[in-house]
Amino acid sequence: MKENKVQFIAVTAMAVALTYVFTAFVNVRLPIAANGGLIHLGNVPLFIMAILFGKKTGAIAGGVGMGLFDLLSGWTAWAPFTFIIVGIMGYVVGAITEKHDQYGWKVAAIFAAFVIKIVGYYIAEIILYGNFVAPITSVPGNVVQIAVAAVIVLIVIEPIEIAVKKIGITQFA
């Protein structure tokens, strides 16, 4: 049991680090939206880790990894929203794929995360900007961000799952 806790901490810390790095260093800033915008690949390790290791790792990787990016890169006002929205995204992807291992469920899980991101950040922007119109300009960037992550994850997830199973690391309940 103690071995499982240590493994959970190590894998989840790695998931947080990968999510942060892919958000911070593999991104493009957009000159649109009320506060600019950012397209990044942080969702790739987030989705992979949530699918491989479950909802707890997914929630922590998403919330902490991307929330930390916001805190350290000048997007501080977004950090509480990111912590909640992306934490929920990771939790949902992990929860769905913990129960269902088939490819179609992985697609459904990422689609659920897509909906959470679009709706969550739209509401966050309403709160931050005080109107219902400005947030619409962020939707295309969020769509591209999740679509790119979905394509990458859905291509690489099966070989990664095989490798992780060979190593002997399992999902954390």
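All residue numbers here refer to positions counted from 1 along the written sequence of the relevant chain. Residues qualify for local features only when their pLDDT is at least 70, as the model is predicted, and side-chain atom pairs are given and counted only at 80 or more; totals for whole chains, interfaces and linings, by contrast, use all residues. Side-chain metrics in this entry use all non-hydrogen atoms of the structure; hydrogen atoms and water are not considered.

**With respect to the pattern of salt bridges**
Here comes step 1: Within this document, salt bridges are pairs made up of a side-chain nitrogen of Lys or Arg and a carboxyl oxygen of Asp or Glu, the two lying within 4 Å of each other. Across all of its chains, the model carries four salt bridges by this definition.
Here comes step 2: Here Asp101 ties to Lys165 by a salt bridge, and the two come within 3.9 Å at their closest N and O atoms. In this pair, Asp101 sits in the loop between α4 (79-99) and α5 (103-129) while Lys165 sits in helix α6 (residues 139-167), placing the two residues 64 residues apart along the sequence.
Here comes step 3: A relative accessible area of 58% means that Lys165 is categorised as exposed. Strands are runs of DSSP state E lasting at least two residues, helices are runs of H or I lasting at least four, and both sets are numbered from the N terminus onward. Partly exposed describes any residue whose relative accessible area lies between the buried limit of under 20% and the exposed limit of over 50%, with all areas from a 1.4 Å probe on protein chains only and scaled to the type maximum.

**Comments concerning the UniProt feature "transmembrane region" (unreviewed entry) in the chain**
Here comes step 1: UniProt positions are given in the numbering used here, feature names are shortened, and annotations may be inferred rather than shown by experiment. Residues annotated in UniProt with the feature "transmembrane region" (unreviewed entry) correspond here to residues 6-26, 38-55, 75-96, 103-123 and 143-164.
Here comes step 2: Secondary structure across residues 75-96 divides into 82% helix and 0% strand, with the first and last C-alpha atoms of the span separated by 30 Å.
Here comes step 3: Along residues 103-123 the backbone is 100% helical and 0% strand, and the end-to-end C-alpha distance reaches 31 Å.

**Some words on the side chain of Ser138**
Here comes step 1: Within the element layout of this structure, Ser138 appears in the loop between α5 and α6.
Here comes step 2: Polar contacts, as used here, are pairs of N or O atoms within 3.5 Å; protein pairs need one atom able to donate a hydrogen and one able to accept it. Residues neighboring in sequence count only if both atoms are side-chain atoms. Only 2.6 Å separates the side chain of Ser138 from the side chain of Glu125, close enough to count as a polar contact.

**A short note on the packing of helix α2 (residues 43-53) against α6**
Here comes step 1: Running from N to C, α2 and α6 point in directions that differ by 40°, and their axes come no closer than 8 Å. One element, α2, and the other, α6, form an angle in the oblique class. For the pair α2 and α6, the crossing hand works out as right-handed. Along the contact surface, α2 presents Asn43, Val44, Phe47, Ile48, Ile51, Leu52 and Phe53, while α6 presents Gln145, Ile146, Ala149, Ile152, Val153, Val156, Ile157, Ile160, Glu161 and Val164.
Here comes step 2: For the contact of α2 with α6, the class distribution of residues is 14 nonpolar, two polar and one charged. For every element, the axis is a line fit to its C-alpha atoms; helices are fit only across the contacting stretch, and the angle between N-to-C directions ranges from 0 to 180 degrees. Orientation labels follow simple angle bins: below 35 degrees gives roughly parallel, above 145 gives roughly antiparallel, 65 to 115 gives roughly perpendicular, and whatever is left gives oblique. We call a crossing left-handed when the near helix sits turned anticlockwise from the far one by less than a right angle, and right-handed when that turn is clockwise. Pairs of residues are marked as contacts when any of their non-hydrogen atoms sit within 4.5 Å. Following the grouping adopted for this structure description, the nonpolar residues are Ala, Val, Leu, Ile, Met, Phe, Trp, Tyr, Cys and Pro, the charged ones are Asp, Glu, Lys and Arg, and the polar ones are all others, Gly among them.

**Describing the nonpolar core**
Soluble, globular proteins show a tendency: their nonpolar side chains are buried together.
Here comes step 1: Here, the term nonpolar core denotes a set of buried Ala, Val, Leu, Ile, Met, Phe, Trp, Tyr and Cys residues that are joined through side-chain atoms within 4.5 Å. If you look at the biggest cluster of nonpolar residues, it comprises 37 residues, and the most contacted ones within it are Phe47, Phe53, Met89, Val93, Ile110 and Val153.
Here comes step 2: Elements supplying a minimum of two residues to this core: α1 (2-25), α2, α3 (55-72), α4, α5 and α6.
Here comes step 3: Among residues more than four places away in sequence, those in contact with Phe53 are Val11, Val164, Ile169, Thr170, Gln171 and Phe172.

**Notes on α3**
Here comes step 1: Here the expected span of a helix is defined as 1.5 Å times the quantity of residues minus one. Here α3 is 18 residues long and its end C-alpha atoms lie 25 Å apart, about the 26 Å a rise of 1.5 Å per residue gives.
Here comes step 2: Taken together, the buried positions of α3 are Thr57, Gly58, Ala61, Gly62, Gly63, Gly65, Met66, Gly67, Phe69 and Asp70.
Here comes step 3: Downstream of α3 by a residue or two, Gly74 has a phi angle that is positive, lying close to 90°.

**As for the environment of Val133**
Here comes step 1: Along the chain, Val133 turns up in the loop between α5 and α6.
Here comes step 2: Exposure remark for Val133: the relative accessible area of 61% places this residue in the exposed category.
Here comes step 3: Each C-alpha atom, one on Val133 and one on Phe69, is 26 Å from the other, the two residues being 64 residues apart in sequence.

**Focus: the environment of Val16**
Here comes step 1: With respect to the helices, strands and loops of the structure, Val16 is situated in helix α1.
Here comes step 2: Residues Val16 and Pro80 lie 64 residues apart in sequence; the distance between their C-alpha atoms is 16 Å.
Here comes step 3: In contact with Val16, not counting residues within four places along its chain, are Ile60, Ala61, Val64 and Gly65.

**Focus on the packing of aromatic side chains**
Here comes step 1: Classification of ring pairs rests on two measures: the distance between centres of Phe, Tyr or Trp rings, Trp counted by its six-membered ring, which must be within 6.5 Å, and the angle between planes, read as stacked under 30 degrees, edge-to-face over 60 and tilted in between. Inspection of the entire model under this criterion finds five aromatic pairs.
Here comes step 2: Geometrically, the ring pair formed by Trp78 and Tyr121 is tilted, given 6.0 Å between the ring centres and 45° between the ring planes. Taken together, the positions of Trp78 in the loop between α3 and α4 and Tyr121 in helix α5 put the pair 43 residues apart, joining distant regions of the chain.
Here comes step 3: On the basis of relative accessible area, Tyr121 is assigned to the buried category, the value being 11%.
Here comes step 4: Consider the rings of Trp78 and Tyr129, whose centres lie 6.2 Å apart with planes at 65°: the pair is edge-to-face. With a gap of 51 residues between them, Trp78 in the loop between α3 and α4 and Tyr129 in helix α5 connect regions that are remote in the sequence.
Here comes step 5: Taking relative accessible area as the criterion, Trp78 reaches 8% and is therefore assigned buried.

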